[in-house]
Amino acid sequence: MNGEATGFAPFFGRDSRLLILGSFPSVMSREVNFYYGNPRNSFWRILSSFFGEDILLTVEAKKNFLSNHGIALWDMVESCTIKGSSDAAIKNFKVVNLKEVLQNCPIEVILLNGGKAAELYERHYGDIDLPYIKLPSTSPANTKPKDEIWYDALRRAFGKA
């Protein structure tokens with residue numbers, strides 16, 4: 001059965017310099033009410049490892065981590081009809097208004113987590129004058145190696161390349 005679902009509000013702070021955009025929260029993320037809630041998703045492991053920190057287990061720890069590192073999170077789809085978690089199952093969607101974040105913090109670069117996020121970003125916001133990097137999805141459905149690609153993008157985003 002398909003159901004209407006709404007994504008999360010953006011997470012950002014006044015000092016957020018990096019914006020990471022996904023497609024839409026998975027079922028598990030919607031259950032825990034925060035981004036990348038599936039423990040098999042490599043997102044939090046990759047970010048924690050990049051900064052040399054312990055894996056983040058609680059939503060509060062994840063929020064503190066993001067704030068401390070100037071990272072904003074959001075998804076490209078605000079609401080949709082979806083069954084399950086697959087990007088291919090996203091139907092009848094509404095795209096977010098990125099101005100909500102871009103006008104409220106000094107974003108310098110955008111990382112796009114997965115093909116659907118990149119497709120929607122380029123279609124709806126490709127004219128924004130900010131550098132962006134398309135990355136492989138951190139979803140457990142993507143079994144291809146991705147850590148080094150993400151580390152490279154994070155090094156570039158944080159000026160450590």
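A short tour of the structure in this document, coming up. Not measured: the values here are computed from a predicted model.

1. A look at the pairing of strand β3 (residues 71–75)
The element β3 is largely enclosed, with a buried count of five among its five residues. Side chains Ile71, Leu73 and Asp75 project from β3 onto one buried face, and the interleaved Ala72 and Trp74 project onto a second face that is buried too. One ladder, built from five bridges, connects strand β2 (residues 18–22) with β3; its direction is parallel. Counterpart to leucine 19 in the pairing with β3 is alanine 72.

2. Quick word on the packing of helix α2 (residues 43–50) against helix α6 (residues 147–157)
Remark: α2 packs on α6, axes separated minimally by 10 Å, with the N-to-C direction vectors making an angle of 50°. The orientation of α2 with respect to α6, classified from their angle, is oblique. The handedness of the crossing between α2 and α6 is right-handed. On α6, the residues that touch Phe43, Arg45, Ile46, Leu47, Ser49 and Phe50 of α2 are Asp147, Trp150, Tyr151, Leu154 and Arg155.

3. Concerning the sheet that holds strand β6 (residues 109–113)
In sheet architecture, strand pairing relies on hydrogen bonds along the backbone and comes in two forms, parallel and antiparallel. Within the open sheet, the four strands sit side by side as β3-β2-β6-β7. Their pairing is parallel. Of all strands in the sheet, those with a lone pairing partner are β3 and β7 (132–135), marking the two edges. When the angles between neighbouring strand axes are averaged without regard to direction, this sheet yields 20°. As judged from the four bridges shared by β2 and β6, these two strands associate in the parallel manner.

4. Overview of the pairing of β2
Within β2, five of the five residues are buried, leaving the element largely enclosed by the surrounding structure. In β2, alternate side chains face the same way, and those of Leu18, Ile20 and Gly22 on one face and Leu19 and Leu21 on the other are all buried.

5. Let's talk about the nonpolar core
Ile20 and Ile71 are the most contacted members of the largest nonpolar core, which totals 51 residues. With near-sequence residues (within four places) excluded, isoleucine 71 lies in contact with Phe11, Ser16, Leu18, Ile20, Leu47, Phe51, Phe65, Leu66 and Phe158.

6. Comments concerning helix α3 (residues 59–69)
Since one α-helical turn is 3.6 residues long, residues separated by three or four positions face the same way. All of the buried residues along α3 are Lys62, Phe65, Leu66 and His69. When α3 is viewed along its axis, its buried side chains cluster within an angular range of 95° and face the same direction. Against the buried residues of α3 lie α2 and β3. Trailing α3 by a residue or two, glycine 70 shows a phi angle of about 65°, which is positive.

7. Side note on the packing of α2 against α3
With their axes 12 Å apart at the nearest point, α2 and α3 run at an angle of 45° to one another. One finds that α2 runs oblique with respect to α3. Like other packed secondary-structure pairs, α2 and α3 cross with a definite hand, here left-handed. Contact residues: α2 offers Trp44, Leu47 and Ser48, while α3 offers Lys62, Phe65 and Leu66.

8. Re the pattern of salt bridges
A side chain of one charge can pair with a side chain of the opposite charge when the charged atoms of the two come close. Following the criterion strictly, the structure yields six salt bridges and no others. In this structure, arginine 17 engages glutamate 108 in a salt bridge whose closest nitrogen and oxygen atoms are separated by 3.2 Å. Here arginine 17 is found in the loop between β1 (3–6) and β2, whereas its partner glutamate 108 is found in the loop between α4 (99–102) and β6, with 91 residues between them in sequence. When its relative accessible area of 33% is taken as the criterion, arginine 17 is described as partly exposed. The partly exposed category is assigned to glutamate 108, whose relative accessible area is 41%. Across the salt bridge formed by lysine 94 and glutamate 78, the nearest N and O atoms sit 3.3 Å from each other. Note that lysine 94 is positioned in strand β5 (residues 91–95) and glutamate 78 in strand β4 (residues 77–82), a separation of 16 residues in sequence. Of the residues examined, lysine 94 reaches a relative accessible area of 47% and is grouped as partly exposed.

Rules used in this analysis
Along every chain, residues carry numbers that run from 1 in the direction the sequence is written. Local features in this predicted model are restricted to residues whose pLDDT is 70 or higher, and side-chain atom pairs enter the listing and the counts only when it is 80 or higher, whereas totals over whole chains, interfaces and linings include all residues. Derived side-chain values reflect all non-hydrogen atoms in the structure, with water molecules and hydrogen atoms excluded from consideration. Any residue under 20% of the maximum accessible area for its type is buried, any over 50% is exposed, and the rest in between are partly exposed; the area is computed with a 1.4 Å probe on protein chains only. For helices the rule is a DSSP run of H or I covering at least 4 residues; for strands it is a run of E covering at least 2, with both sets numbered from the N terminus onward. Strand pairing requires that DSSP identify at least two bridges connecting the strands. Angular values range over 0 to 180 degrees, each being the angle between N-to-C directions of two axes fitted as lines to C-alpha atoms, with helices fitted over their stretch in contact. Roughly parallel covers angles under 35 degrees, roughly antiparallel covers those over 145, roughly perpendicular covers 65 to 115, and oblique covers all other angles. Left-handed describes a crossing in which the near helix is turned anticlockwise from the far one by less than a right angle; the clockwise case is right-handed. Whether two residues are in contact is decided by their heavy atoms, any of which lying within 4.5 Å being enough. Here, nonpolar core means buried Ala, Val, Leu, Ile, Met, Phe, Trp, Tyr and Cys residues that are tied together by side-chain atoms lying within 4.5 Å of each other. In this context, the arc is that of the directions from the helix axis out to the C-beta atoms. By salt bridge we mean one thing: a side-chain nitrogen of Lys or Arg within 4 Å of a carboxyl oxygen of Asp or Glu.

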